[in-house]
Amino acid sequence: MDIFSKIAAGEIPSYKCAENDKFYAFLDINPLAKGHTLVIPRREVDYFFDMDDDELAEMIVFAKKVAVAIKKAFPCRKVGMAVLGLEVAHAHIHLVPMQSEGDMNFANPKLKLTEAEFDEIAKKIRENF
């Protein structure tokens, strides 16, 4: 079982933002911005484009609902979406509140947040989901 599967199963703590029976959304622990959230399938699959069409479509719809909640919780121009997938061998989508395209630069310094700040951010997203 990979690290993201363990997170979705509750074996490793996370800052949960949203979930259903197929997908799980939680805060990135090295965020680019407050509200930076990861969306994963509960099923272990390494490469995003190895998912079948129906599962991929469902994941995007789920991510859209999470993005709407993020935008309500953290007003921004848009919520950016990135699929990178090299750092963890489990398909995932990054959702990042942004004011400009530069906010999606993964080379930018990451925020250092306290546990209380992470808890509050996740709570705001959950309340808007």
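Points about the pattern of salt bridges
Enumeration over the complete set of coordinates arrives at five salt bridges. Glu 19 is the partner of Arg 42 in a salt bridge, and the nearest nitrogen-oxygen pair spans 2.4 Å. Taken as a pair, Arg 42 in the loop between strand 3 (37-41) and helix 2 (53-73) and Glu 19 in strand 1 (residues 16-19) lie far apart in primary sequence, 23 residues in all. For the salt bridge of Glu 127 with Lys 123, the shortest nitrogen-to-oxygen distance reads 3.9 Å. Remark: Lys 123 and Glu 127 occur in helix 3 (residues 115-128); sequence separation between them is four residues, near one turn of the helix. Looking at Lys 123, the relative accessible area reads 39%, which means it is partly exposed. Through salt bridges with shared partners, one network takes in Lys 16, Glu 19 and Arg 42.

Focus: the nonpolar core
In this structure, Leu 27, Val 39, Val 66, Leu 95 and Ile 125 are the most contacted members of the largest nonpolar core, which totals 30 residues. Every element with two or more residues in this core is listed here: strand 1, strand 2 (23-27), helix 2, strand 5 (93-98) and helix 3. At nine residues, the largest contribution of residues to this core is made by helix 2. Ignoring sequence-local partners within four residues, the contact set of Ile 125 consists of Cys 17, Leu 27, Gly 35, Thr 37, Ala 69, Ile 70, Ala 73 and Phe 74. Core analysis: the second largest hydrophobic core is formed by eight residues, Ile 7, Phe 26, Ile 40 and Val 88 among them.

Focus: the packing of aromatic side chains
In this structure the tally under the stated criterion is seven aromatic pairs. Look at Phe 4 and Phe 26: their rings are 5.4 Å apart centre to centre, the planes differ by 75°, and that puts the pair in the edge-to-face class. One end of the pair, Phe 4, is in helix 1 (residues 3-8); the other, Phe 26, is in strand 2, and 22 residues separate them in sequence. Each member of the pair, Phe 4 together with Phe 26, is buried. Taken together, a centroid distance of 5.7 Å and an interplanar angle of 35° make the contact between Tyr 24 and Phe 26 tilted. With respect to class, Tyr 24 is no different from Phe 26; both count as buried. Through pairs of rings, three or more aromatic residues link up here, namely Phe 4, Tyr 24 and Phe 26.

What to know about a nonpolar patch on the surface
Together, Ile 60, Met 81 and Val 83 line one region of the surface with nonpolar side chains, adding up to about 220 Å² of accessible area. What makes Val 83 partly exposed here is its relative accessible area of 32%.

The rules behind each value
- Residues numbered from 1 in each chain as written.
- Predicted model: local features only at pLDDT ≥ 70, side-chain atom pairs only at ≥ 80, totals over all residues.
- Heavy atoms only, no water.
- Salt bridge = Lys/Arg side-chain N within 4 Å of Asp/Glu carboxyl O.
- Helix = DSSP H or I, 4+ residues; strand = E, 2+ residues; numbered from the N terminus.
- Buried < 20%, exposed > 50% of the residue type's maximum accessible area, 1.4 Å probe, protein only.
- Core = buried A, V, L, I, M, F, W, Y, C linked by side-chain atoms within 4.5 Å.
- Contact = heavy atoms within 4.5 Å.
- Phe/Tyr/Trp six-rings, centres within 6.5 Å; stacked < 30°, edge-to-face > 60°.
- Patch = residues over 30% accessible without salt bridge, like charges linked within 9 Å, V, L, I, M, F, W, Y side chains within 5 Å.
- Areas by Shrake-Rupley, 256 points an atom, 1.4 Å probe, with all protein chains shown as cover.

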